[in-house]
Amino acid sequence: MGICDAECNFNYVSIGSYGSQSDSNVFMWSQIGLALENDDVLWPSPENLPNSDIEFGYFLVGDAAFPLNPHFLKPYPGRMLPPDKQHFNDRLGTARNTIERTFGILANRFRILRGEIQAHPKNAELIVQACVTLHNYIKKTADSETPLANPDSHLDTLDSNPSILRGRSRRNVLEIRDTYNDYLYSHRV
């Protein structure tokens, strides 16, 4: 499980969960998931969205399997959505593809990650941690002479599963998503 920025640098990784666990379950019990649930993440101050006076906070982007949260946006559920909600889901999907690309670059750069790592689980965790650290180092220090890795495939995404807001005002969270939806649709971002 990982979180990255727009330049495909990892900001957070959770390593060591069993492969049979769902991403949403891994996230829920990860340090960042627990911190989000307890409002323990220090976010930058909200800023106005470009070309508007709408103040909006920072957030993570996930697919339908993740919990909706004031700092975690996910797509509107269902098919045959109104044009504004479909536009929002399309733009959110584009943003979500960044983590898929980041994992693709990582796996292409460090081919040991393309299959089961033949090592003791603790050593496998250290190998993955080293690969992620080296990935970020290479991304930040690369010059024109550095060979680049390009992802040639994307990782599979999870099927849509309903999730439950725990201890949060669902209405407030839905309003946050709707505000961002209205902005994206009215500005055709």
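The paragraphs below set out a description of the structure included in this document. Per chain, the residues get numbers from 1 upward, laid out in the order the sequence is written. Totals for whole chains, interfaces and linings use all residues, but because this is a predicted model, local features are given only for residues with pLDDT of at least 70 and pairs of side-chain atoms are given and counted only at 80 or more. Computation of side-chain values: all heavy atoms of the structure, hydrogens and water removed.

This paragraph deals with the pattern of salt bridges. We define a salt bridge as a side-chain nitrogen of Lys or Arg found within 4 Å of a carboxyl oxygen belonging to Asp or Glu. Using the criterion set out here, one finds 1 salt bridge in the structure. In this structure, K122 and E125 form a salt bridge, with 3.4 Å as the shortest nitrogen-oxygen distance. Of this pair, K122 and E125 both sit in helix 4 (residues 121-141), 3 residues apart, roughly one helical turn. Starting at the N terminus, helices and strands are each numbered in turn, a helix being any DSSP run of H or I of at least four residues and a strand any DSSP run of E of at least two.

Take the nonpolar core next. As used here, the term nonpolar core means buried Ala, Val, Leu, Ile, Met, Phe, Trp, Tyr and Cys residues forming a set that is joined through side-chain atoms within 4.5 Å. Whether a residue is buried, partly exposed or exposed follows from its accessible area with a 1.4 Å probe, protein chains only, as a fraction of its type maximum: under 20%, in between, or over 50%, in that order. Ranked by size, the top nonpolar core spans 10 residues in total: L49, F56, L73, Y76, L81, F88, L92, Y180, Y183 and L184. Breaking this core down by element, the ones donating at least two residues are helix 3 (83-109) and helix 5 (170-187). In terms of residue count, the dominant contributor to this core is helix 5 (3 residues). If you look at the next biggest cluster of nonpolar residues, it comprises 8 residues, including I3, L60, F66 and F72.

Turning our attention to the packing of aromatic side chains. The criterion for an aromatic pair is that two Phe, Tyr or Trp rings (for Trp, the six-membered ring) have centres within 6.5 Å, with stacked assigned to planes under 30 degrees apart, edge-to-face to planes over 60 apart and tilted to the rest. Inspection of the entire model under this criterion finds 10 aromatic pairs. Here the aromatic rings of Y76 and F88 are separated by 5.2 Å at their centres, their planes lie at 70°, and the arrangement is edge-to-face. Of the two residues, Y76 sits in the loop between strand 6 (72-73) and helix 3 while F88 sits in helix 3, which places them 12 residues apart along the sequence. A residue is classified by how much of its surface remains accessible, and F88, at 0% relative accessible area, is buried. Arranged with centres 6.3 Å apart and planes meeting at 90°, the rings of F88 and Y180 form a pair that is edge-to-face. In this pair, F88 sits in helix 3 while Y180 sits in helix 5, placing the two residues 92 residues apart along the sequence.

Our next topic: the state of the cysteines. Two cysteine sulfur atoms form a disulfide, by the criterion used here, when they sit within 2.5 Å. What the rule picks out here adds up to 0 disulfides. In this structure C8 is not part of a disulfide, and its nearest cysteine sulfur, from C4, lies 5.7 Å away. C8 gets classed as buried once you look at its relative accessible area, which sits at 6%.

Moving on: helix 4. Take the number of residues in a helix, subtract one, and multiply by 1.5 Å to get its expected span. The end-to-end C-alpha separation of helix 4 is 30 Å, in line with the 30 Å expected for 21 residues at 1.5 Å each. For helix 4, the set of buried residues is A124, C131, V132, H135 and N136. The arc enclosing the buried residues of helix 4, seen along the axis, measures out at 130°, which places them on a common side. In helix 4, those exposed residues whose orientation departs by more than 90 degrees from the buried face are K122, T133, Y137 and K140. Along the arc lie the directions from the helix axis toward the C-beta atoms.

A separate point is the environment of F110. Structurally, F110 is set in the loop between helix 3 and helix 4. Setting aside anything within four residues of it in sequence, one finds F110 in contact with C131, L134, H135 and I138. Residue contacts are counted whenever heavy atoms from the two residues lie within 4.5 Å of one another.

With that out of the way, let us pick up the environment of D5. Along the chain, D5 falls in the loop between strand 1 (2-4) and strand 2 (10-13). D5 sits in the partly exposed class, given a relative accessible area of 22%. In this view, D5 contacts N11 and T98; residues no more than four positions away in its chain are not counted. By the criterion applied in these results, polar contacts are pairs of N or O atoms within 3.5 Å in which, for protein atoms, one can donate a hydrogen and the other can accept it, and in which residues neighboring in sequence qualify only through two side-chain atoms. Among the polar contacts made by the side chain of D5, one reaches the main-chain amide nitrogen of E7 at a distance of 2.9 Å.

Worth remembering: the numbers are spatial, not functional.
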